[in-house]
Amino acid sequence: KSMEDLKEKIQDQTLAEADRKKALEELTAVEEKNYKERKSLSDQAYNDAVRKIATGKNLTQEELNNLKTRGFAYAQELAERKSISKEEIDMLKNTQMERSKLSAEHEDMVKSRAASLAKIEDDSVAKQKDAESKRQQMADKAIERQKQLLDLYIADNAAHAKTLDEQLKYEETVSTKKQAL
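Residues numbered from 1 in each chain as written. Predicted model: local features only at pLDDT ≥ 70, side-chain atom pairs only at ≥ 80, totals over all residues. Heavy atoms only, no water.

Enquirer: What should I look at first to understand the overall build of the protein in this one?
Expert: Scanning the protein from N- to C-terminus turns up 5 helices and 0 strands. The helix and strand sequence of the protein, counted from the amino end, reads α-α-α-α-α. For the protein, the C-alpha radius of gyration of 41 Å lies well beyond 16 Å, the compact-globule estimate for 181 residues. The 181 residues of the protein split such that 22% are buried. As displayed, the protein has an accessible area near 13300 Å², and 54% of this comes from carbon and sulfur atoms. Averaged over its 35 positive side-chain charges, the protein has a centre that lies 2 Å from the centre of its 37 negative ones. (Helix = DSSP H or I, 4+ residues; strand = E, 2+ residues; numbered from the N terminus. Rg over C-alpha atoms; globule rule 2.2 N^0.38 Å. Buried < 20%, exposed > 50% of the residue type's maximum accessible area, 1.4 Å probe, protein only. Areas by Shrake-Rupley, 256 points an atom, 1.4 Å probe, with all protein chains shown as cover. Lys, Arg positive; Asp, Glu negative; His and termini not counted. Charge placed at Lys NZ, Arg CZ, Asp CG, Glu CD.)

Right, dumping it as structure tokens:
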């Protein structure tokens, strides 16, 4: 699966949350693998630049350690005392900038993953709320229908009760008249 296919799956809101999360995990694994490879190459280039500067310059261990940790800025300090060329300093500067760029990319990648995961979970919550809203609407419609049927039943029975009431009054009137005769 390509990274683009995985990104599309992550964005596809028609897929289940679990499928989208699985695609995110797969994408994360691919991106981490690529990052580690690029970081290893960048670190190797940086270390090569440090070694090239250190070769033949009689650096003390402390100076070598400072060069490794402080990089370009320290190389500029040493440039005149240890005759470090501009090309060597530029090479160290470029490799240091590449390492920084990779670190920033990795940080952005981690933020992007967190945002994608949050979106997947938000979409899932939204789907659940939407489904709950639809269930509630259906329940409300069913209740309204039952109320209408009950009102109709009551109206029918009220008419029937009224008819019985009228018939009872008629029978009483007839009975009263018969007794009067």
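Now that the structure has been shown, we can carry on.
Enquirer: When you look at the packing of helix H2 (residues 17–54) against helix H3 (residues 61–70) in this model, what are you seeing that I'm missing?
Expert: For any two helices packed against each other, the geometry is given by the interaxial angle and the distance between the axes. Between H2 and H3, the shortest axis-to-axis distance is 10 Å and the interhelical angle comes to 145 degrees. Judged by the twist between their axes, the crossing of H2 over H3 is right-handed. For the pair formed by H2 and H3, the contact residues are Tyr 46, Val 50, Ile 53 and Ala 54 on the first element and Leu 64, Leu 67 and Lys 68 on the second. (Axes fitted to C-alpha atoms, helices over the stretch in contact; angles between N-to-C directions. Left-handed = near helix turned anticlockwise from the far one by under 90°. Contact = heavy atoms within 4.5 Å.)

Enquirer: When you look at the packing of H3 against helix H4 (residues 72–79) in this model, what are you seeing that I'm missing?
Expert: Running from N to C, H3 and H4 point in directions that differ by 140 degrees, and their axes come no closer than 6 Å. If you check the angle between H3 and H4, you find them oblique. Together, Glu 63, Asn 66, Leu 67 and Arg 70 of H3 and Phe 72, Ala 73, Tyr 74, Ala 75, Glu 77 and Leu 78 of H4 make up the contact between the two elements. By residue class, the composition of the contact of H3 with H4 is 6 nonpolar, 1 polar and 3 charged. (Parallel < 35°, antiparallel > 145°, perpendicular 65-115°, else oblique. Nonpolar A, V, L, I, M, F, W, Y, C, P; charged D, E, K, R; others polar.)

Enquirer: Even after reading the chapter, I still don't get H2, so can you show me in this structure?
Expert: The periodicity of an α-helix, 3.6 residues per turn, causes residues three or four places apart in sequence to face the same way. An ideal rise of 1.5 Å per residue puts 56 Å on 38 residues; H2 measures up with 54 Å between its terminal C-alpha atoms. With its phi angle positive at about 75 degrees, Gly 56 sits one or two positions after the end of H2. (Expected span 1.5 Å × (residues − 1).)

Enquirer: How should the pattern of salt bridges be read in this particular structure?
Expert: Pairing between side chains of opposite charge can happen when their charged atoms approach one another. Overall, the coordinates contain 19 salt bridges when judged by the stated rule. Linking Lys 21 and Glu 121 is a salt bridge whose minimum nitrogen-to-oxygen distance equals 3.5 Å. One end of the pair, Lys 21, is in helix H2; the other, Glu 121, is in helix H5 (residues 86–180), with 100 residues separating them in the sequence. In this structure Glu 121 comes out as partly exposed when scored by relative accessible area, which is 34%. Note that Asp 43 and Lys 39 form a salt bridge whose closest N and O atoms lie 3.1 Å from each other. Of this pair, Asp 43 and Lys 39 are both found in helix H2, 4 residues apart, which corresponds to roughly one turn of the helix. When salt bridges that share partners are traced, they join Glu 17, Lys 21 and Glu 121 into one network. (Salt bridge = Lys/Arg side-chain N within 4 Å of Asp/Glu carboxyl O.)

Enquirer: Where do I start with the nonpolar core in this structure?
Expert: Most often, soluble globular proteins have nonpolar side chains that are buried together. Core analysis: the biggest nonpolar cluster contains 14 residues, and Ile 53, Leu 67, Ala 75, Ile 84 and Leu 92 have the highest contact counts within it. Ranked by residue count, the leading element in this core is H2, at 5 residues. In contact with Ile 53, other than residues within four places in its own chain, are Leu 67, Ala 75, Ile 84, Glu 88 and Leu 92. If you look at the next biggest cluster of nonpolar residues, it comprises 6 residues, including Ile 10, Leu 24, Leu 27 and Ile 120. (Core = buried A, V, L, I, M, F, W, Y, C linked by side-chain atoms within 4.5 Å.)

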